[in-house]
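# Fold and contact review
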Amino acid sequence: MPPDSSVTSGKAQPMNWHRLGIDAVFELLGSASGGLSSMQAEEKLLETGPNQLEEARKKTALSILLSQFTDVMILILLAAAVISAIIGEATDTVVIIVIVVLNAVIGFFQEYRAEKAMQALKQMSTTQAKTLRNGNILSLPATELVPGDVVLLEAGNAVPADIRIMESINLKVEEAALTGESQAVEKIAAPIDTDDLPLGDRLNMAFKGTFVTYGRGSGMVIATGMQTELGRIAKMLQEDEVQTPLQQRMALFGKKLSVIVLFLCVLFFIAGWLRGEGLVKMVMTSISLAVAAIPEALPAVITISLALAAKRLIRFHTLIRKLPTVETLGSVTYICTDKTGTLTKNKMHTEQVYVNGRLHDRNELAELKHEKNMSLLLHAFALNNDARKDGDAMIGDSTEIALMEVSNEHYIHPTVWPRVAEIAFDSERKLMTTFHEHSGRIISFTKGAPDILITRCGNVEADKIQQMVDEMATRGLRVLGFAYRYWEQLPANPTSDVEEQELHFLGLAGMIDPPREEVYEAVAQCKTAGIVPVMITGDHPLTAQTIARRIGIVATEQDLVVTGTELAAMEHADFFTKVEQIKVYARVSPEQKLQIVKMLQEKGHYVAMTGDGVNDAPSLKRANIGIAMGITGTDVSKEAAHMILLDDNFSTIVKAIKEGRRIYDNILKFIKYLMTTNSGELWTLLMGPILGLPIALLPIHILWINLVSDGLPAIALSFEKAEKNIMHRPPRPPKQNVFANGQGLHMIWVGMLMAAVALGIQAWAIAEGLHWQTMVFNVLCLSQMAHVLAIRSQHQSAFRMSLLSNKPLLGSVLLTLLLQLAVTYTPFMHAVFQTESLNLREFVIVGLASMIVLMGVEMEKVFVRRKHHI
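The rules behind each value
Residues numbered from 1 in each chain as written. Predicted model: local features only at pLDDT ≥ 70, side-chain atom pairs only at ≥ 80, totals over all residues. Heavy atoms only, no water. 1 Å grid on protein atoms, 1.4 Å probe; cavity = no way out; pocket = protein on both sides within 12 Å on 5 of 7 lines; lining within 4 Å. Points joined across faces, edges and corners; volume = space filled by probe spheres on them. Helix = DSSP H or I, 4+ residues; strand = E, 2+ residues; numbered from the N terminus. Nonpolar A, V, L, I, M, F, W, Y, C, P; charged D, E, K, R; others polar. Pairing = 2+ DSSP bridges. Phe/Tyr/Trp six-rings, centres within 6.5 Å; stacked < 30°, edge-to-face > 60°. Buried < 20%, exposed > 50% of the residue type's maximum accessible area, 1.4 Å probe, protein only. Lys NZ or Arg CZ within 6 Å of the ring centre and 35° of its normal. Axes fitted to C-alpha atoms, helices over the stretch in contact; angles between N-to-C directions. pLDDT = per-residue confidence, 0-100. Contact = heavy atoms within 4.5 Å. Patch = residues over 30% accessible without salt bridge, like charges linked within 9 Å, V, L, I, M, F, W, Y side chains within 5 Å. Areas by Shrake-Rupley, 256 points an atom, 1.4 Å probe, with all protein chains shown as cover. Salt bridge = Lys/Arg side-chain N within 4 Å of Asp/Glu carboxyl O. Parallel < 35°, antiparallel > 145°, perpendicular 65-115°, else oblique. Left-handed = near helix turned anticlockwise from the far one by under 90°.

### Quick look at the layout of surface pockets
Here the second largest pocket is characterised by a volume of approximately 960 Å³. Lining the second largest pocket are 34 residues, and of these Asn741, Gln794, His795, Val864 and His868 sit closest to its centre. Of all the secondary-structure elements, those providing two or more residues to the lining of the second largest pocket are α26 (650-690), α29 (743-768) and α33 (840-868). Per-element tally for the lining of the second largest pocket: the top contributor is α33, with 7 residues. Each residue belonging to the lining of the second largest pocket can be placed in one class, and the counts come to 14 nonpolar, 12 polar and 8 charged.

### So, the pairing of strand β1 (residues 128-133)
One ladder, built from 6 bridges, connects β1 with strand β2 (residues 136-141); its direction is antiparallel. Note on β2: the bridge partner recorded for Gln128 is Pro141. Taking the residues that link successive antiparallel strands as the turn, the β1-β2 hairpin has 2 residues, and the phi of Asn134 there is positive, at about 55°.

### What about the packing of aromatic side chains?
All told, the structure shown has 8 aromatic pairs when counted by the stated rule. The interplanar angle of 80° and the centroid separation of 5.9 Å between the aromatic rings of Tyr484 and Tyr486 together place this pair among those described as edge-to-face. Classification of Tyr486 as partly exposed rests on a relative accessible area of 28%. We note Arg441 situated over the ring of Tyr486; from NZ or CZ to the ring centre the distance is 4.0 Å.

### Points about the sheet that holds strand β17 (residues 478-487)
Pairing is antiparallel across the open sheet formed by 7 strands, whose spatial order is β11-β10-β18-β17-β16-β15-β14. At either margin of the open sheet sits one strand with a lone partner, and together these are β11 (358-361) and β14 (419-426). Averaged over all neighbouring strand pairs, the angle between strand axes comes to 20°, with direction disregarded. Both β14 and strand β15 (residues 431-438) contribute to a ladder of 5 bridges, which runs antiparallel. Bridge pairing in β15 places Asp426 opposite Leu431.

### Side note on the confidence of the model for the chain
Summary statistics for the chain give a mean pLDDT of 85 and a share of 89% for residues scoring 70 or more. Throughout residues 1-14 the model reports pLDDT below 50, and contacts reaching past four residues in sequence, or to other chains, amount to 31 contacts. Note that residues 235-241 has pLDDT below 50 and, in this model, 5 contacts with residues that lie over four places away or in other chains.

### Describing a nonpolar patch on the surface
Residues Leu818, Leu821, Tyr825, Leu840, Phe843, Val844 and Leu848 make up a contiguous nonpolar surface patch of roughly 700 Å² in combined accessible area. Taken together, the elements giving at least two residues each to the nonpolar patch come down to α31 (807-825) and α33. No other element matches α33, which puts 4 residues into the nonpolar patch. Within the secondary structure, Tyr825 is located in helix α31. The class of Tyr825 is partly exposed, set by a relative accessible area of 33%.

### Overview of the pattern of salt bridges
Tallied over the full model, the rule gives 29 salt bridges. Between Lys593 and Asp616 there is a salt bridge; the shortest N-O distance is 3.3 Å. Of the two residues, Lys593 is situated in helix α23 (residues 590-602) and Asp616 in the loop between β22 (607-611) and α24 (617-622); the sequence distance between them amounts to 23 residues. According to the relative accessible area criterion, Lys593 is buried, its value standing at 5%.

### Considerations on the pairing of strand β18 (residues 504-512)
With respect to burial, β18 is a largely interior element, 8 of its 9 residues being buried. Where strand β10 (residues 349-355) meets β18, 6 bridges bridge the pair, whose relative direction is antiparallel. Counterpart to Val355 in the pairing with β18 is Gly507. The sheet contact formed by β17 and β18 spans 7 bridges and is antiparallel. Of the residues in β18, the one forming a bridge with Val479 is Gly510.

### Concerning the packing of helix α14 (residues 372-383) against helix α15 (residues 398-409)
Two elements in contact, α14 and α15, have axes separated by 8 Å at closest approach and are oriented at 130°. Put simply, α14 runs oblique to α15. As α14 runs across α15, the sense of the crossing is left-handed. Residues Leu378, Phe381 and Ala382 of α14 form the contact with α15, whose own contacting residues are Leu403, Met404, Val406 and Ser407. Split into classes, the residues belonging to the contact of α14 with α15 amount to 6 nonpolar, 1 polar and no charged.

### Looking at the environment of Leu132
Note on placement: Leu132 falls in strand β1. Relative accessible area serves as the criterion here: at 13%, Leu132 is assigned to the buried category. In this structure the C-alpha to C-alpha distance between Leu132 and Asp149, which are 17 residues apart in sequence, comes to 6.8 Å. Beyond its immediate stretch of four places on either side in the chain, Leu132 contacts Ser33, Gly34, Gly35, Leu36, Ile137, Asp149 and Val150.

### Overview of unusual backbone geometry
Positive phi, normally seen in glycine, also occurs at Asn356, with a value near 55°. Relative accessible area serves as the criterion here: at 32%, Asn356 is assigned to the partly exposed category. At Gln834, a position not held by glycine, the phi torsion is positive, near 55°. A relative accessible area of 47% means that Gln834 is categorised as partly exposed.

### So, the environment of Thr340
You can see Thr340 is positioned in the loop between β9 (334-337) and β10. Of the residues examined, Thr340 reaches a relative accessible area of 40% and is grouped as partly exposed. Considered as a pair, Thr340 and Asp539 are 199 residues apart in the sequence and their alpha carbons are 8.5 Å apart. Ignoring anything within four residues of it in the chain, the contact list for Thr340 reads Asn346 and Asp513.

### Some remarks on the sheet that holds β9
Pairing in this open sheet of 8 strands is mixed, and the strands run β8-β24-β23-β22-β9-β19-β21-β20 from one edge to the other. Edge strands, defined here as strands with exactly one partner in the open sheet, are β8 (318-320) and β20 (560-563). Neighbouring strand axes in the sheet, compared pairwise and without regard to direction, differ in orientation by 20° on average. The sheet contact formed by β8 and strand β24 (residues 643-645) spans 3 bridges and is antiparallel. By the bridge assignment, Leu319 is partnered in β24 with Ile644. Together, β9, β19 (532-537), β21 (582-586) and β22 form the strand contacts of α23, whose direction differs from that of β22 by roughly 170°.

In structure tokens:
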């Protein structure tokens with residue numbers, strides 16, 4: 001069969017791949033069992049394009065820019081510009097268009113930056129594939145695969161492309177994403193001589209988007225990207241971007257507020273018109289007021305903040321896969337975490353040694369190394385050991401590396417007495433013996449399970465040794481026994497039945513996978529933050545309890561340790577009663593992890609769950625925040641998770657939660673800022689005519705304040721550092737709205753205070769014959785700058801905070817002040833904004849009046865601090 005160009009280029013395939021033998025597949029794809037060469041792969045990649053599904057609506061820079069002009073408020077402004085042009089107000093027309101363009105440019109750069117941040121996150125979470133290129137195994141991004149590549153598959157891998165199976169060793173693939181069948185399918189390599197088989201019956205094929213759940217194998221890529229079976233139905237599978245809960249709540253609130261504001265603007269228009277104000281002036285002012293008062297950009301600003309925050313979290317070794325996770329991190333009440341590698345170092349460490357009838361800590365060995373048995377025991381650690389050094393790193397079994405590290409501390413090299421024979425370890429007898437030349441004789445060292453080893457020794461009190469083994473085990477230590485024997489000559493063909501008898505007992509080594517140093521503080525932080533850490537492990541209960549006690553997860557007698565067997569025997573009601581007391585689950589199955597998550601959620605908790613295996617996927621998906629391991633985690637677990645720990649470290653979870661709380665706090669701050677300033681402008685314009693005052697501001701003044709005061713300072717608040725008490729307060733209820741804890745009250749009373757100050761200045765300045773409109777314009781703008789500086793912290797005084805701790809905010813405030821001075825004192829701007837230069841007296845009065853808002857918020861903080869005893 002000649003090669004088909006449509007095959008090698010990755011286009012639609014005319015043949016049934018499952019019917020072809022492996023050799024025919026090789027021929028068609030111009031490949032071989034050793035895979036493609038690098039040059040072949042590069043050529044094919046140019047033909048087929050990257051191995052990825054086309055996104056339905058990928059935003060280009062142009063589409064982002066044009067979308068800035070589709071907002072309802074922007075369209076209203078453009079309509080206002082047209083009205084101004086028609087009635088001959090050329091200055092207003094130009095100014096409105098400039099403001100619209102500036103708004104669009106600022107919006108474009110913010111959204112474009114957020115889009116780039118999200119694309120970077122997607123690239124970081126790209127699946128890797130083990131591939132044969134030039135006959136060598138390489139780990140490549142799955143996007144670089146091409147037809148003809150040989151891919152190696154093992155349990156936990158995502159299948160990266162459509163593949164014809166070449167070798168299957170108990171290979172099972174879960175194909176629910178394509179077939180709906182949840183049962184994993186066992187794969188074969190032989191051809192199937194049947195036409196047009198359903199996907200689920202193509203047993204010698206594996207498809208993109210499915211997952212290997214068991215075994216291992218290899219296969220050849222026959223289709224990539226949109227030419228895969230998943231690609232054919234990609235439009236059905238592509239998901240629209242889902243808004244976060246906060247975005248949804250703010251969008252709904254924005255719609256309701258828009259209706260209220262538009263109603264008030266209509267009343268404002270009617271009242272002004274009836275008072276004799278010009279019709280065009282009232283139309284323009286009402287439109288400007290609506291634009292200023294409605295927080296139409298709030299959901300977009302939240303999206304930008306969350307996206308940039310997700311990018312910042314990478315610095316904390318946390319990759320966010322689903323954007324709502326950023327905002328909900330602060331709601332976590334329980335962290336259910338694995339032990340090995342997450343709480344611990346995933347590296348065995350020798351802690352204690354029993355020798356000459358005494359138990360010693362590791363740091364005491366230097367004083368004893370010249371004692372006969374101590375010296376022999378240290379030699380046994382080094383010589384009965386297959387670990388080896390590779391550069392600065394040790395390679396081998398973790399237990400043997402732990403023993404080798406002790407011998408290295410005492411300068412005993414593994415080749416000091418050459419090894420001449422060995423009896424290899426096996427799981428039945430649980431022993432290992434090595435023979436070495438030493439001083440003209442042969443010495444053998446035997447290590448293994450103490451209970452078996454002591455039966456082979458003749459010089460030992462078995463009960464006493466077993467009692468010590470039990471005592472060490474209760475401390476969570478893994479215990480190994482050591483013995484030796486001298487031989488006049490090397491035994492021929494040594495066997496366990498002969499040469500592992502009549503041994504001389506040397507001692508015991510107790511090892512443990514110790515906690516990471518940073519975990520102690522992380523667990524303590526959890527507890528002060530109202531978060532309960534729970535250990536879930538497949539390890540032995542004693543080991544789990546020892547680590548949990550050391551790091552503070554188990555701290556009182558009420559903290560329970562439960563095994564998987566005990567959990568299986570528990571009734572639902574009993575588990576429901578005890579679940580909040582259980583701090584350690586040992587020897588549990590992945591199915592039980594799911595049960596634990598469900599029970600905690602039933603109790604009303606917000607649960608973060610870690611996992612790394614294929615079988616952890618259901619519990620990761622069910623958890624409020626599923627956390628996959630970036631180093632040890634399988635593709636399946638990463639796909640199911642909401643976030644990925646790039647360093648597999650528990651303390652990283654706590655750092656991410658702290659960062660999540662900071663981000664949400666800052667989102668609340670800029671919501672508070674925007675809503676307060678908008679309400680201040682609204683009250684000023686609505687209440688003035690009611691109090692018999694002229695309309696305080698011109699349309700251009702309102703639009704200017706909306707542009708310079710609302711935009712940059714609000715975004716800059718998202719860079720504010722964490723509050724000092726951020727990890728000393730309980731988690732935020734996930735359904736708590738943004739107006740809780742006095743936020744809504746603040747927006748109302750501070751907005752009214754701003755309006756009262758502005759209207760007071762207006763009335764006084766009119767009576768004094770001063771430049772009242774320019775003064776009101778500046779008071780409102782500067783009051784908003786004072787407000788943004790005041791709300792940087794919920795409790796700490798603004799006068800105790802360094803202005804340099806948030807340089808973007810300081811820069812935006814200074815820029816706003818400079819622009820406001822230019823508008824007030826530049827003759828060209830006088831013509832545009834109809835402002836007048838303020839004299840020194842007026843300038844000082846404006847400055848002092850603007851500080852009233854700052855002092856008001858500071859008084860509020862004093863009240864809050866006293867109320868909460870902060």
